[in-house]
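Tertiary structure, described
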Amino acid sequence: FESNRDLPYGEDDPQAKGMVESTYDQEIFDGFLPGYRRQHEFVEKNNPAVITLSVGGNDINFGKKLQYCILTQYSCYNAATDRQKIFKEIKGQYQRLVALYQSIKNTNPFTRIYVIGYPRIVKPGGDCANNVRLSAEELQLAEDIETDLNTMIKRASERAGVFYVDTTEAFSGVRLCE
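Rules used throughout
- Note on numbering: residues in each chain are counted from 1, in written sequence order.
- Where local features are concerned, this predicted model is filtered to residues with pLDDT of at least 70; where side-chain atom pairs are given and counted, the filter is 80 or more; whole-chain, interface and lining totals use all residues.
- Calculated side-chain values reflect all of the structure's heavy atoms, with hydrogen atoms and water omitted.
- In this description a helix means any DSSP run of H or I spanning at least four residues, a strand means any run of E spanning at least two, and both kinds are numbered starting from the N terminus.
- Here's how the labels work: a residue is buried when its accessible area is under 20% of the maximum for its type, exposed when over 50%, partly exposed in between, all with a 1.4 Å probe on protein chains only.
- By nonpolar core is meant a set of buried Ala, Val, Leu, Ile, Met, Phe, Trp, Tyr and Cys residues that side-chain atoms within 4.5 Å join together.
- Note on contacts: a residue pair is in contact if any heavy atoms of the two residues lie within 4.5 Å.
- Throughout, an axis means a line fitted to C-alpha atoms (over the contacting stretch in the case of helices), and angles, computed between N-to-C directions, take values from 0 to 180 degrees.
- For classification, angles of less than 35 degrees are called roughly parallel, those exceeding 145 degrees roughly antiparallel, those between 65 and 115 degrees roughly perpendicular, and all remaining angles oblique.
- Gly counts as polar in this scheme, as do all residues outside two lists: the nonpolar Ala, Val, Leu, Ile, Met, Phe, Trp, Tyr, Cys and Pro, and the charged Asp, Glu, Lys and Arg.
- Paired strands are those between which DSSP finds at least two bridges.
- Salt bridge, as used here: a side-chain nitrogen of Lys or Arg that lies within 4 Å of a carboxyl oxygen of Asp or Glu.
- Ring pairs are drawn from Phe, Tyr and Trp, using the six-membered ring of Trp, whenever the two centres fall within 6.5 Å, and their geometry is named by plane angle: stacked under 30 degrees, edge-to-face over 60, tilted for the rest.
- Note: crossing handedness is left-handed where the near helix turns anticlockwise from the far helix by less than a right angle, and right-handed where it turns clockwise.

1. Let's talk about the overall build of the protein chain
Helix and strand content of the protein chain: six helices and three strands. For the protein chain, the succession of helices and strands along the chain, N to C, is α-α-β-α-α-α-β-α-β. Each principal axis of the C-alpha distribution contributes one length, and for the protein chain these read about 50 × 35 × 30 Å. Here the protein chain holds 178 residues, and 36% of them are scored as buried.

2. Concerning the nonpolar core
Counting 35 residues, the largest nonpolar core has Leu 53, Leu 97, Tyr 101, Leu 134 and Ile 153 as its most contacted members. Those elements that place two or more of their residues in this core are β1 (50-53), α3 (62-71), α4 (80-91), α5 (94-107), β2 (112-116) and α6 (136-160). Considering each element in turn, this core owes the most residues, nine residues, to α6. When neighbours within four sequence positions are excluded, Leu 134 is seen to be in contact with Leu 66, Cys 69, Ile 70, Val 122, Cys 128 and Leu 139.

3. Here we look at the packing of α3 against α6
It is at 11 Å that the axes of α3 and α6 come closest, and there the two elements cross at 175 degrees. Viewed along their axes, α3 and α6 adopt a mutual orientation that is roughly antiparallel. Mapping the contact onto sequence places Phe 62, Leu 66 and Cys 69 in α3 and Glu 138, Ala 142, Ile 145 and Glu 146 in α6. The class makeup of the residues in the contact of α3 with α6 is five nonpolar, no polar and two charged.

4. Some points on the sheet that holds β2
The pairing of strands in a sheet comes from backbone hydrogen bonds and takes either a parallel or an antiparallel form. With parallel pairing, the three strands of this open sheet are ordered in space as β1-β2-β3. The strands lining the two open edges of the sheet, one partner per strand, are β1 and β3 (163-165). Between one strand and the next, the sheet's axes are offset by a mean angle of 25 degrees, whatever the strand orientation. Strand direction decides the pairing type here: β1 and β2, joined by four bridges, are parallel. From the neighbouring strand, Val 50 faces β2, where its bridge partner is Arg 112. Of the strands in this sheet, β2 and β3 touch α6, which is tilted by about 155 degrees from β3.

5. A word on the pattern of salt bridges
If you walk through the whole model with that rule in mind, you get seven salt bridges. Measuring nitrogen to oxygen at the nearest pair gives 2.5 Å for the salt bridge that ties Asp 59 to Arg 96. Of this pair, Asp 59 sits in the loop between β1 and α3 while Arg 96 sits in helix α5; the two residues are 37 residues apart in sequence, bridging distant segments of the chain. In this structure Arg 96 comes out as partly exposed when scored by relative accessible area, which is 36%. Shared partners join several salt bridges into a network, and the residues in it are Arg 120, Glu 143 and Glu 169.

6. Section: the packing of aromatic side chains
In the structure shown here, the tally under the stated rule is two aromatic pairs. The interplanar angle of 65 degrees and the centroid separation of 5.6 Å between the aromatic rings of Tyr 68 and Tyr 77 together place this pair among those described as edge-to-face. You can call Tyr 68 partly exposed: its relative accessible area is 44%. On the numbers, 5.1 Å between centres and 20 degrees between planes, the contact of Tyr 114 with Phe 163 is stacked. Taken as a pair, Tyr 114 in strand β2 and Phe 163 in strand β3 lie far apart in primary sequence, 49 residues in all. Owing to a relative accessible area of 22%, Tyr 114 belongs among the partly exposed residues under this scheme.

7. A short note on the packing of helix α2 (residues 39-46) against α5
At their nearest, the axes of α2 and α5 sit 9 Å apart, and the two run at 20 degrees to each other. Between α2 and α5, the angle is such that the two are roughly parallel. Crossing angle aside, the handedness with which α2 passes α5 is right-handed. Every residue of α5 that contacts α2 at His 40, Val 43 and Glu 44 is listed here: Ser 103, Ile 104 and Thr 107. Class assignment of the residues belonging to the contact of α2 with α5 gives a composition of two nonpolar, three polar and one charged.

In structure tokens, the structure reads:
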């Protein structure tokens, strides 16, 4: 995290395109325009009392993995090696997240930092009918990924001394195939 701080964000693949020049800084920071600058810079400039963040799912491409499972006509990630690779990706995020949380915390030690976990979005054993093409194995895999990801995020939060917010059951009653 720290090693990339000195790079211009435009060269670091920002989410939002444009406004790379420093002449836009005032507009970006005063308008809280996301994606043009590293969020760390907003924390340094504004010293917020509370920060909420959710990190991890995009880093392992969870959405794309789920989309692949829904769109493919074959079972996805069927092989044990494919599944092990996913769980290895998740575990590989631990040190990076600890460093990220600690870096944010070190910017302003008085800021309360809440790291939000991921809700379960599928119901293993549920009835997907014709609208969602996920097999029982794929539903279980999705839940296993979410569980493992949340466990890793929670442990990284605890290690860094920030608060973890469990949202596991937030979609209960409205999950896919429920």
